[in-house]
Amino acid sequence: MNQNRPRGSVRYDNSGRIAIVSGGCSGIGLAICEAFVRTNAAGVVCLDIAEDRVGDLPEGVEFIRCDTSQDEQCREAIAWSVDRFGAVDVLVNNAAIQPQDSYVPLHQLPVDVWNRLIAINFSGYTFLAKFALQQMQQQHSGVVVNIASGQGHRTARQVGAYGPIKAGNIMQARQWGIEYARDGIRVVSVSPGAIDTPMVRASLSQQGGEAVIANRHPIGRLGRPEEVANAVLWLSSEDAAFITGTDLEVDGGLGAFAAFANPYPMPNR
Ligand SMILES: NC(=O)c1ccc[n+]([C@@H]2O[C@H](COP(=O)([O-])OP(=O)(O)OC[C@H]3O[C@@H](n4cnc5c(N)ncnc54)[C@H](O)[C@@H]3O)[C@@H](O)[C@H]2O)c1
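Residues numbered from 1 in each chain as written. Predicted model: local features only at pLDDT ≥ 70, side-chain atom pairs only at ≥ 80, totals over all residues. Heavy atoms only, no water.

Q: Outline the packing of helix 3 (residues 111-139) against helix 4 (residues 162-179), listing residues and values.
A: Two elements in contact, helix 3 and helix 4, have axes whose closest approach is 10 Å; the angle formed by their N-to-C orientations is 10°. Of the possible angle classes, the one that applies to helix 3 and helix 4 is roughly parallel. For the pair helix 3 and helix 4, contact is made by Trp114, Leu117, Ile118, Asn121, Phe122, Tyr125, Thr126 and Ala129 and by Tyr162, Ile165, Lys166, Gly168, Asn169, Gln172 and Trp176, respectively. Grouping the constituent residues of the contact of helix 3 with helix 4 by class yields nine nonpolar, five polar and one charged. (Axes fitted to C-alpha atoms, helices over the stretch in contact; angles between N-to-C directions. Helix = DSSP H or I, 4+ residues; strand = E, 2+ residues; numbered from the N terminus. Parallel < 35°, antiparallel > 145°, perpendicular 65-115°, else oblique. Contact = heavy atoms within 4.5 Å. Nonpolar A, V, L, I, M, F, W, Y, C, P; charged D, E, K, R; others polar.)

Right, here's the structure in full:
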């Protein structure tokens, strides 16, 4: 087969559309902001607390400091975006944490770590969706994409808090998807495998190193943030108009690979 043969790629057009991305200053969220800018969105708003990383945002992204665990800050951020751009076409709930001190068996989990996880990773998604949905209902259009995780689908050691909360992000999309389907609004979730971002880099050593993690994915490498962003572009486009209340795993085959299919490594061909 000719390796140089073009494989083709779809280009989306977000002209005239307004996208809000939480946690857009880093990793997957940053790639999603870039993807909306690249596809000519009329407005891209990044909600984050990382004021020191605003300089990393591409030109054309508006930054609002918003701690998504605070409902009033979420209300203000959505209201500001509507004032500035007149609409909310896409909300990407992406801001989440997986701190080092959450990698413990549940009986050792400090309560303050649980409180932070549930506040940012679960309540934050709820608050932003709540205020964005109010605007989307008036428009009779809009898409909410929750960035969940493969750890919300299946188990791993030491994610006894993060995993169930990520499962909640998948369930939020199912619930909200059916509840707002007749309002012209779609809600979906995306569950990444291990993606090369600061969050994953910070925990690689705990999980046996990059080669081990990469090898667990049948495709044999970590995912790239842009590969999650591409899924978000598709799911939020009209090409996905009949898709709501469901989840897409962007995981290099990790979720399809049964533990009993060991041994690793997968053969390289
Ligand atoms: N990287 C992966 O392999 C992976 C795998 C599965 C799921 N995910 C999910 O993808 C999403 C993004 O992860 P990432 O790896 O890009 O993480 P990251 O740590 O690189 O970026 C997260 C961003 O969220 C922001 N943030 C944190 N707390 C916030 C708050 N209270 N309010 C507003 N912003 C806040 C951070 O400042 C940062 O900019 C998360 O939902 C994560 O659970 C990541």
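Q: Residues and numbers for the pairing of strand 2 (residues 43-48), please.
A: The element strand 2 is extensively covered by neighbouring structure, given that six of its six residues are classed as buried. Residues Gly43, Val45 and Leu47 line one face of strand 2 and the alternating positions Val44, Cys46 and Asp48 line the opposite face, and both faces are buried. Here strand 1 (residues 18-22) pairs with strand 2 via five bridges, running parallel. Looking across to strand 2, one finds that alanine 19 is bridged to valine 44. Following the chain from strand 1 across helix 1 (residues 27-38) to the adjacent parallel strand 2, one finds a crossover that is right-handed. In the sheet, strand 2 pairs with strand 3 (residues 61-65) via five bridges, with the strands oriented parallel. From the neighbouring strand, valine 44 faces strand 3, where its bridge partner is valine 61. (Buried < 20%, exposed > 50% of the residue type's maximum accessible area, 1.4 Å probe, protein only. Pairing = 2+ DSSP bridges. Right-handed = clockwise from strand over helix to strand, strands pointing away.)

Q: Tell me about the nonpolar core, and please be specific about residues and values.
A: If you look at the biggest cluster of nonpolar residues, it comprises 34 residues, and the most contacted ones within it are Ile32, Phe36, Val92, Ile147, Val190 and Val232. When contributions to this core are tallied by element, the ones reaching two or more residues are strand 1, helix 1, strand 2, strand 4 (90-93), strand 5 (142-147), strand 6 (185-192) and helix 7 (225-235). Ranked by residue count, the leading element in this core is helix 1, at seven residues. The residues contacting isoleucine 147, other than those within four sequence positions of it, are Ile32, Val92, Asn93, Asn94, Tyr125, Lys166, Asn169, Val190, Pro192, Val228 and Val232. Grouped together as the second largest cluster of nonpolar side chains are 22 residues, Ile64, Leu91, Ala129 and Ile185 included. (Core = buried A, V, L, I, M, F, W, Y, C linked by side-chain atoms within 4.5 Å.)

Q: Which residues make up the environment of alanine 241, and what values do they have?
A: Residue placement: alanine 241 occurs in the loop between helix 7 and strand 7 (247-250). On the basis of relative accessible area, alanine 241 is assigned to the partly exposed category, the value being 42%. Distance from alanine 241 to isoleucine 185, taken between C-alpha atoms, is 9.6 Å for residues 56 residues apart in sequence.

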